[in-house]
Amino acid sequence: MTVIQFAGEIDIAAGIEIRPRLDAATSAAEQTVVVDLTPVEFFDCSGLRLLCRADERVRERGGRLLLVCPHPLIRRLLRACGLLGWFSPLRTLEEALVLGSIEATG
């Protein structure tokens, strides 16, 4: 399992730095990748694009992406874009770690 955490503002400028980190985190086969947005203060459609790309890369390799997102505004953005059910964000990193561990052991 790989955990990657982002903080601050996730916008088009931050995407330049974030994309290589996400690509590295999503390059292995059949793994669970946890993206923790708990410390994020701002998130726009550029961030959604990054999440969708990361999710696609993980699924292509037989894995799963778990999203930790306690923020109501980010959840509202996911809902408005029809992605809330797709990502099913968890409220805490601990939830994601438990879920990822259960999936890893079957």
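Draft legend 1. Layout of the nonpolar core. Among the nonpolar cores identified, the biggest contains 24 residues, and Phe6, Leu22, Val35, Leu37, Phe43 and Leu67 are the most heavily contacted of them. Elements with a minimum of two residues in this core: α1 (12-25), β3 (32-36), β4 (40-43), α2 (45-60), β5 (64-68) and α3 (72-80). For this core, the element with the most residues is α2, which contributes five residues. Residues within four places of leucine 67 in sequence aside, it is in contact with Val35, Leu37, Leu51, Leu78, Phe87, Pro89 and Leu90. Counting five residues, the second largest nonpolar core, distinct from the first, contains Val34, Val68, Leu90 and Ala96.

Draft legend 2. Quick look at unusual backbone geometry. A positive phi angle is found at glutamate 30, which is not glycine, with a value near 50°. Mapped onto the elements of the fold, glutamate 30 is located in the loop between α1 and β3. The phi dihedral of serine 88 falls on the positive side, at around 40°, and the residue is not glycine. Inspection of the secondary structure assignment puts serine 88 in the loop between α4 (84-87) and α5 (93-105). Note on serine 88: relative accessible area 43%, which makes it partly exposed.

Draft legend 3. Structural context of the pattern of salt bridges. Applying the stated rule across the entire model yields five salt bridges. Taking the shortest distance from any N to any O, the salt bridge between aspartate 23 and arginine 57 comes out at 3.5 Å. Here the residue aspartate 23 occupies a position in helix α1, and arginine 57 occupies one in helix α2, the gap between them amounting to 34 residues. Among the salt bridges present, the one from aspartate 55 reaches arginine 59, with a minimum N-O distance of 2.8 Å. Of this pair, aspartate 55 and arginine 59 both sit in helix α2, four residues apart, which is roughly one turn of that helix. When salt bridges with common partners are traced through the structure, they connect Arg19, Asp23, Arg53 and Arg57 into a single cluster.

How each quantity is defined
Residues take numbers from 1 onward in each chain, read along the sequence in its written order. Local features in a predicted model are, by the rule used here, given only for residues with pLDDT of at least 70; side-chain atom pairs are given and counted only at 80 or more, and totals for whole chains, interfaces and linings are based on all residues. Only heavy atoms go into the side-chain values, all of them from the structure, while hydrogens and water stay out. We define a nonpolar core as any set of buried Ala, Val, Leu, Ile, Met, Phe, Trp, Tyr and Cys residues linked to one another through side-chain atoms lying within 4.5 Å. Relative accessible area decides the class of each residue, using a 1.4 Å probe on protein chains only: under 20% of the type maximum gives buried, over 50% gives exposed, and in between gives partly exposed. Elements are defined by DSSP. Helices are runs of H or I of four residues or more, strands are runs of E of two residues or more, and each kind is numbered from the N terminus. Residue contacts are defined here by distance: any two heavy atoms, one from each residue, within 4.5 Å place the two residues in contact. Here, a salt bridge means any Lys or Arg side-chain nitrogen found within 4 Å of an Asp or Glu carboxyl oxygen.

Without other data, these values stay purely geometric and don't point to any function.
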